[in-house]
Amino acid sequence: VVGNLDDGIEFFGGNVNVTNLLVWAADDDLIDIDQAYSGTITNAIAIAFSGSDHCLEIDGPEGDLAGRFTINNVTAMGDDDEIADFRAEATGSVNGAYFFNFVSPDFDTNGPEEEGGTGEGDFSLSGSVIGIDGLTFSDFQITLADGATAADVFKDFSAEQITAVVNVVAEGQSTQGADASVFGWTFA
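This text gives an overview of the structure that appears in the document. What you see is a predicted model; the values in this text were computed from it and never measured.

Here we come to unusual backbone geometry. Of note, Gln-35 is a non-glycine position whose phi angle comes to about 50°, a positive value. Checked against the element boundaries, Gln-35 lands in the loop between strand E3 (31-34) and strand E4 (40-47). We classify Gln-35 as partly exposed; its relative accessible area is 29%. The backbone of Asn-73 shows a phi angle near 60°, a positive value even though the residue is not glycine. Among the secondary structure elements, Asn-73 is positioned in strand E6 (residues 69-77).

This is the structure in structure tokens:
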């Protein structure tokens, strides 16, 4: 999906599984999950540009709908956008992600205290890394101390709501993320 004027691709509910997804230069969020989507996205690349908003926007269920998404092995290249917006009782997991080239890398969350916040969502971010060059932890919106946990990063989530392993590495040094070799036929 190249150059969409809104979200690159948005999953409105359902349980379709997608493999080898490439989204480039969407005008809003690159990959958006909404309305209790409960499928699996495997091996995705999201390439932002100056008009993009978030690489990932993850909403939770609506009404009586229930679902739990899974994203495995995603590489997200930023620009001046945010890494991700996890909100509205986000329920699912992001595994093996690599986020890099973000001007000010941060995760946007809406807490349980806020209307439509993460509330009782069951969310995890594991085996994920953020690649940064010339940035330190203090460049994040949330400052991390030695030994910081995922609960420190995602302050709006309770410790019971999120378990994660997030590391910071030099750009290009990640062993996480998508297998880009399957996209060799594309200009991207």
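This is not the end of the story, as more comes after the structure.
On to the environment of Ala-36, then. Tracing the sequence through the fold places Ala-36 in the loop between E3 and E4. If near-sequence neighbours (up to four positions away) are discounted, Ala-36 is found in contact with Gly-13, Gly-14, Gly-60, Pro-61, Leu-65, Ala-66 and Gly-67.

The next thing to look at is the nonpolar core. Counting 31 residues, the largest nonpolar core has Ile-31, Ile-41, Ile-71 and Val-94 as its most contacted members. Put simply, the parts of the chain that give this core at least two residues each are strand E2 (18-24), E3, E4, strand E5 (54-58), E6, strand E7 (82-86) and strand E11 (123-131). In terms of residue count, the dominant contributor to this core is E6 (four residues). Listed in part, the five residues of the second largest apolar core include Leu-22, Ile-45, Ala-178 and Phe-183.

Parameters at a glance
- Residues numbered from 1 in each chain as written.
- Predicted model: local features only at pLDDT ≥ 70, side-chain atom pairs only at ≥ 80, totals over all residues.
- Heavy atoms only, no water.
- Helix = DSSP H or I, 4+ residues; strand = E, 2+ residues; numbered from the N terminus.
- Buried < 20%, exposed > 50% of the residue type's maximum accessible area, 1.4 Å probe, protein only.
- Contact = heavy atoms within 4.5 Å.
- Core = buried A, V, L, I, M, F, W, Y, C linked by side-chain atoms within 4.5 Å.

Geometric descriptors of this kind do not, in isolation, establish any biological role.
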